[in-house]
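Here's the letter readout for the chains.
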Amino acid sequence: MSDIRMEDLSRFYTLPDGKRVAALKGCSLSIRDGSFTVIVGKSGCGKTTLLRLLAGLERPDEGTLDFGGSRPRTGVMFQTPRLLPWLTVEDNVCIWRHGMGGSAELAGQYLKAFGLDSFRKAYPDQLSGGMAQRAALVRTLSCQPRLLLMDEPFAALDYFTREKLQDELMAQYVRQPMTIVFITHDLDEAVRLGQDILVMHKGCCGGRVTNEEPYPRPSVVGRMALKTDILHILEEEKETPL
Amino acid sequence: MKRILTKILTICALPLLLIACWQLGSMGHWWGSYIVPPPERVWSSWLQLAASGQLARHIGASLMRVMTGFAIAAALALPGGIWLGLHPAARRVCHSLLEFLRNVPPLALLPMLILWFGIGEASKIIIVVLATVFPIFLNTLDGMSHPDEQLLEMGRVYGLSSRAVFWHIRLPQALPAMYTGLRIGLGYSWRSLIGAEMIAATAGLGYLILDGEEMARPDIVVAGILTLGVLGIAADALMRAIGQRYLWTERKEHHE
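First, a word on what this report is: a plain description of the structure on this page. If you're wondering where the values come from, they're calculated on a predicted model, not measured in any experiment.

### Focus on the overall build of chain B
Inference 1: Broken down by element type, chain B carries 12 helices and zero strands.
Inference 2: When the helices and strands of chain B are placed in sequence order, the string is α-α-α-α-α-α-α-α-α-α-α-α.
Inference 3: Principal-axis analysis of the C-alpha atoms places the extent of chain B at approximately 70 × 60 × 30 Å.
Inference 4: The buried share of chain B, reckoned over its 256 residues, is 41%.
Inference 5: As presented, chain B carries roughly 14,600 Å² of accessible surface, and 69% of it is formed by carbon and sulfur atoms.

Right under this line is the structure:
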């Protein structure tokens with residue numbers, strides 16, 4: 001898989017009153033192959049729209065999106081687990097078999113690795129929020145994606161569960177070669193997880209910050225300099241007239 | 001043990017209270033015994049009917065009509081509701097016709113049904129089918145027409161085919177609505193019996209009630225009504241047991 005390139009990408013939505021608003025407006029950026037890219041920005045800046053375009057869930061109205069060939073095998077993790085309540089954890093985790101094909105054994109290995117082995121036969125309503133999101137993470141990883149898209153996957157979790165899942169994600173990223181695009185509005189999460197941190201503002205990519213620190217990264221280390229850089233970009237963008 | 005007793009008491013408390021009020025009213029002559037026959041007379045008539053084998057014959061005839069009508073209605077309504085639920089354009093085309101049919105009471109069709117199908121079993125079963133088909137159909141349609149967009153999106157992300165989306169997402173999600181439709185439909189089939197058995201019947205609980213009315217035997221009428229109600233409860237209990245065994249929403253309630 002080569003780098004993902006976006007050129008002048010725009011996406012508009014029509015509001016019920018007929019007004020047309022731009023979620024993305026001439027957005028150009030590239031995502032390095034094999035990188036852990038975090039997209040950070042305020043609510044409504046176009047992060048989720050960008051991820052939905054990357055996932056193929058929506059089409060751009062203008063501009064080009066180039067994967068350097070065919071779309072890679074893609075896994076998407078949403079803010080909510082989106083587990084099927086009528087299936088057991090095991091069957092939920094393997095759901096991709098009905099579309100992408102592949103072995104259920106692999107899902108079993110991931111369930112074990114992520115501490116969900118004893119919950120194989122449980123139903124989603126019998127899991128805590130953290131465990132349900134972990135099952136969603138296992139579902140996404142076990143389909144062995146080359147491109148992993150994550151839309152604020154840990155935003156609804158408590159601090160401790162979020163930290164644990166961040167650790168597990170970093171460990172998995174080190175083990176399994178893939179490109180990760182992770183969306184968050186949490187600067188701490190962005191600087192902890194991201195190698196490339198793209199700052200979005202009003203539908204455009206406002207700047208890029210790089211974090212070379214090797215994985216796994218401890219959570220308590222203050223990455224104030226990086227956070228200051230990101231805030232600086234956001235401040236500059238605020239002052240730039242559209 | 002205590003839990004079971006509490007459960008039985010919760011279920012039986014209100015019916016027992018009503019029977020006590022009924023008994024009290026009859027003993028105090030608050031109403032004439034012709035208007036509301038006393039419970040002991042109803043009970044004795046019921047025992048006589050049961051001992052003579054008449055009750056079993058009536059129940060058998062009604063049960064056959066209800067089950068046949070219900071099965072035919074389900075066989076029509078479930079696939080019909082699923083298909084229209086999956087095809088919004090067809091749904092729009094059929095909307096006015098369905099609304100028209102839904103609002104016509106089955107009994108209004110009685111003269112035409114007798115004309116078309118005679119006074120045999122067919123007309124009786126068709127009345128049950130007409131009363132039963134719409135609750136099942138409309139609930140199925142509703143369940144299929146409102147899929148969870150987030151789950152469909154998840155299916156798209158993992159490349160699920162339309163067939164896989166149907167079997168793994170849309171159908172399981174619609175099952176609770178279909179099940180509700182079946183339960184309501186089953187109740188409606190019992191309710192439609194009186195109408196169905198108005199057509200030259202010689203057996204059936206509806207016939208028993210109508211015969212009791214003609215013979216000026218309100219005790220038989222009430223005995224028939226109570227039997228009908230109890231059978232309806234039993235049929236619903238069976239449906240609930242099936243739901244608790246196989247349906248994901250009922251399973252959840254069961255666990256709680």
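### Thoughts on the overall build of chain A
Inference 1: Within chain A, the secondary structure is distributed over seven helices and nine strands.
Inference 2: The globule rule puts the C-alpha radius of gyration for 242 residues at 18 Å, and the 18 Å found for chain A is close to it.
Inference 3: Across the 242 residues in chain A, those meeting the buried criterion constitute 52%.
Inference 4: The long-range share in chain A, meaning contacts at least 24 apart out of those at least 6 apart in sequence, stands at 70%.
Inference 5: Put simply, chain A shows about 10,700 Å² of open surface, and 51% of that area lies on carbon and sulfur atoms.

### Considering the layout of surface pockets
Residues and elements named next belong to chain B.
Inference 1: Approximately 630 Å³ is the volume found for the largest pocket.
Inference 2: Taken together, 27 residues make up the lining of the largest pocket; nearest its centre are Val104, Pro106, Leu130, Ala131 and Phe134.
Inference 3: At the level of secondary structure, the elements contributing two or more residues to the lining of the largest pocket comprise helix H3 (54–86), helix H4 (88–102), helix H6 (121–145), helix H8 (162–191) and helix H9 (193–196).
Inference 4: Of the residues assigned to the lining of the largest pocket, the class counts are 22 nonpolar, three polar and two charged.
Inference 5: Approximately 460 Å³ is the volume found for the second largest pocket.
Inference 6: Around the second largest pocket, the lining comprises 14 residues; the ones closest to its centre are Ile19, Trp22, Leu226, Thr227 and Val230.
Inference 7: Secondary-structure elements contributing two or more residues to the lining of the second largest pocket are helix H1 (2–27), helix H2 (39–52) and helix H11 (218–246).
Inference 8: Sorting elements by how many residues they give to the lining of the second largest pocket places H11 first, with seven residues.

### With respect to the interface of chain B and chain A
Inference 1: Listed as interface residues are 19 residues of chain B and, on the opposing side, 23 residues of chain A.
Inference 2: Note on chain B versus chain A: buried area summed over both sides is about 1,900 Å², and carbon and sulfur give 63% of it.
Inference 3: Contact with chain A buries area across many residues of chain B, yet Val157, Tyr158 and Arg251 of chain B alone supply 34% of it, more than any other trio.
Inference 4: At the boundary of chain B with chain A, the tally comes to two salt bridges.
Inference 5: With a closest N to O distance of 2.4 Å, Arg52 of chain A and Glu153 of chain B form a salt bridge.
Inference 6: Run the count over chain B and chain A and you get eight residue pairs in polar contact (both at pLDDT 80 or more).
Inference 7: At the level of elements, helix H7 (149–157), H8 and helix H12 (248–255) of chain B are the ones that each hand at least two residues to the side of chain B that touches chain A.
Inference 8: No other element matches the six residues that H7 of chain B contributes to the side of chain B that touches chain A.
Inference 9: Tallied by class, residues from the side of chain B that touches chain A come to nine nonpolar, six polar and four charged.

### A word on the packing of aromatic side chains
Residue and element names in this part refer to chain A.
Inference 1: One pass over the full model with this rule turns up 11 aromatic pairs over all chains.
Inference 2: Both rings, one in Phe36 and one in Tyr173, keep their centres 5.3 Å apart while their planes meet at 70°; by these two values the pair is edge-to-face. Here the residue Phe36 occupies a position in strand S3 (residues 36–41), and Tyr173 occupies one in helix H5 (residues 159–175), the gap between them amounting to 137 residues.
Inference 3: Under the relative-accessibility criterion, Phe36 is labelled buried at 0%.
Inference 4: Judged by relative accessible area, which is 9%, Tyr173 ranks as buried.

### Remarks on a nonpolar patch on the surface
Residues and elements named next belong to chain B.
Inference 1: There is a patch of nonpolar side chains on the surface, built from Met112, Leu115, Trp116 and Phe117 and spanning about 470 Å² of accessible area.
Inference 2: Residue position: Met112 is located in helix H5 (residues 110–117).
Inference 3: Met112 sits in the partly exposed class, given a relative accessible area of 35%.

Criteria and thresholds
Residues numbered from 1 in each chain as written. Chains lettered and ligands numbered in written order. Predicted model: local features only at pLDDT ≥ 70, side-chain atom pairs only at ≥ 80, totals over all residues. Heavy atoms only, no water. Helix = DSSP H or I, 4+ residues; strand = E, 2+ residues; numbered from the N terminus. Buried < 20%, exposed > 50% of the residue type's maximum accessible area, 1.4 Å probe, protein only. Areas by Shrake-Rupley, 256 points an atom, 1.4 Å probe, with all protein chains shown as cover. Rg over C-alpha atoms; globule rule 2.2 N^0.38 Å. Contact = heavy atoms within 4.5 Å. 1 Å grid on protein atoms, 1.4 Å probe; cavity = no way out; pocket = protein on both sides within 12 Å on 5 of 7 lines; lining within 4 Å. Points joined across faces, edges and corners; volume = space filled by probe spheres on them. Nonpolar A, V, L, I, M, F, W, Y, C, P; charged D, E, K, R; others polar. Buried area = accessible area lost by both parts, 1.4 Å probe. Salt bridge = Lys/Arg side-chain N within 4 Å of Asp/Glu carboxyl O. Polar contact = N/O pair within 3.5 Å; in protein donor to acceptor, adjacent residues only side chain to side chain. Phe/Tyr/Trp six-rings, centres within 6.5 Å; stacked < 30°, edge-to-face > 60°. Patch = residues over 30% accessible without salt bridge, like charges linked within 9 Å, V, L, I, M, F, W, Y side chains within 5 Å.

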